[in-house]
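Notes for the structure review
Chain by chain, the residues:
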Amino acid sequence: MLENNISTVNNDVKTLVKDAQALFTAATALTGEKAEELRGRGMRALDSALARAQDVQVKAVETSKQAAASTDAYVKENPWRSIAVAAGVGLLVGVIVGRK
């Protein structure tokens, strides 16, 4: 779910930045009120992109903190099972690396 949100926001941010770049490019050719209007629209688009990126960052940090807390709780409740899983993963990685 988080990956889908990140992908969606990433695409939205790219689109907003491209639109802002187009607006700034068009604004350089114009003068007066029209140029100011285009510059304003460009700045609003960039501000929107930054706000969405910050929202995703906050959600990602919250999700990773929750995952870390639940992992910590699991390890504390099942220390021997956690050690066995870690040893199994280490053995598997060792076998894979040893074959190369």
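Definitions and cut-offs
Numbering of residues starts from 1 in each chain and follows the order in which that chain's sequence is written. It should be noted that, the model being predicted, local features are given only for residues of pLDDT at least 70 and side-chain atom pairs only at 80 or more, the latter also being counted only at that level, while totals for whole chains, interfaces and linings use all residues. The side-chain quantities take in all heavy atoms of the structure and omit both hydrogens and water. Put simply, DSSP H or I for four residues or longer makes a helix, DSSP E for two residues or longer makes a strand, and each gets a number counted from the N terminus. The globule rule used here is 2.2 Å times the number of residues to the 0.38 power, and the radius of gyration it is set against is calculated over C-alpha atoms. For every residue, the accessible area (1.4 Å probe, protein chains only) is compared with the maximum for its type, and the residue is labelled buried under 20%, exposed over 50%, or partly exposed between those bounds. For the domain bounds, the source is a domain assignment made automatically or taken from a database. Only heavy atoms matter for contacts: two residues are in contact if any of them lie within 4.5 Å across the pair. Buried area is understood as the total, over both parts, of accessible area removed when two parts are fitted together, assessed with a 1.4 Å probe. In the sections that follow, a salt bridge refers to a side-chain nitrogen of Lys or Arg positioned within 4 Å of a carboxyl oxygen of Asp or Glu. Two N or O atoms count as a polar contact when they lie within 3.5 Å, although within protein this holds only if one can serve as hydrogen donor and the other as acceptor, and sequence-adjacent residues are included solely when both atoms are side-chain atoms. Interaxial angles span 0 to 180 degrees and are taken between N-to-C directions of axes, which are lines fitted to C-alpha atoms, for helices over the stretch in contact. Orientation categories follow fixed angle ranges, with anything under 35 degrees roughly parallel, anything over 145 roughly antiparallel, 65 to 115 roughly perpendicular, and all other angles oblique. The classification used treats Ala, Val, Leu, Ile, Met, Phe, Trp, Tyr, Cys and Pro as nonpolar, Asp, Glu, Lys and Arg as charged, and all other residues, Gly among them, as polar. By definition, pLDDT measures how confident the predictor is in each residue, and it falls between 0 and 100. UniProt positions are given in the numbering used here, feature names are shortened, and annotations may be inferred rather than shown by experiment. Each patch is assembled from residues with relative accessible area greater than 30% and no salt bridge, linking like charges that lie within 9 Å and nonpolar side chains (Val, Leu, Ile, Met, Phe, Trp, Tyr) that lie within 5 Å. Only the protein chains shown count as cover for residues, and the accessible areas themselves come from Shrake-Rupley with a 1.4 Å probe. Helices are assigned an expected span. That span is 1.5 Å times one less than the residue count.

Along its length, the chain carries three helices and zero strands. What you see for the chain is a C-alpha radius of gyration of 24 Å, clearly larger than the 13 Å of a compact globule of 100 residues, by over 25%. Its C-alpha atoms give the chain principal-axis dimensions of roughly 70 × 35 × 15 Å. Here the chain holds 100 residues, and 12% of them are scored as buried.

What follows is about the domain arrangement of the chain. Here the chain is described as being made up of domain 1 (1-30) and domain 2 (35-99). Opposite the 13 residues of domain 1 that make contact, domain 2 presents 15 residues. Summed over both partners, the interface of domain 1 with domain 2 comes to about 1300 Å²; 83% of that surface belongs to carbon and sulfur atoms. Taken together, the connections running from domain 1 to domain 2 amount to zero salt bridges. If you look at where domain 1 meets domain 2, you find zero residue pairs in polar contact (both at pLDDT 80 or more).

A word on the packing of helix α2 (residues 33-77) against helix α3 (residues 79-99). Remark: α2 packs on α3, axes separated minimally by 5 Å, with the N-to-C direction vectors making an angle of 105°. The orientation of α2 with respect to α3, classified from their angle, is roughly perpendicular. The segment α2 lies against α3, with Tyr74, Val75, Lys76 and Glu77 engaging Pro79, Arg81 and Ser82. Residues that form the contact of α2 with α3 fall into these classes: three nonpolar, one polar and three charged.

Moving on: the confidence of the model for the chain. On average, the chain scores 81 in pLDDT, and the residues at 70 or more come to 90%. When mean pLDDT is taken per element in the chain, α3 scores highest with 92 and helix α1 (residues 2-29) scores lowest with 71.

So, about the UniProt feature "domain: DUF883" (unreviewed entry) in the chain. Per the UniProt record, the feature "domain: DUF883" (unreviewed entry) sits at residues 11-57 and 71-100. In residues 71-100, the share of helix is 93% and the share of strand is 0%. The end C-alpha atoms are 32 Å apart.

Per the stated rule, a full pass over the model turns up one salt bridge. Linking aspartate 72 and lysine 76 is a salt bridge whose minimum nitrogen-to-oxygen distance equals 3.3 Å. Remark: lysine 76 and aspartate 72 occur in helix α2; sequence separation between them is four residues, near one turn of the helix.

Taken together, Val85, Val89, Val93 and Val97 make up a surface patch of nonpolar side chains, about 340 Å² in accessible area. Position of valine 85 relative to the elements: it lies in helix α3.

For the rest of this paragraph, the subject is α2. Here α2 is 45 residues long and its end C-alpha atoms lie 66 Å apart, about the 66 Å a rise of 1.5 Å per residue gives. Listed as buried for α2 are Ala35, Leu38, Gly42, Ala45, Ala49 and Val56.

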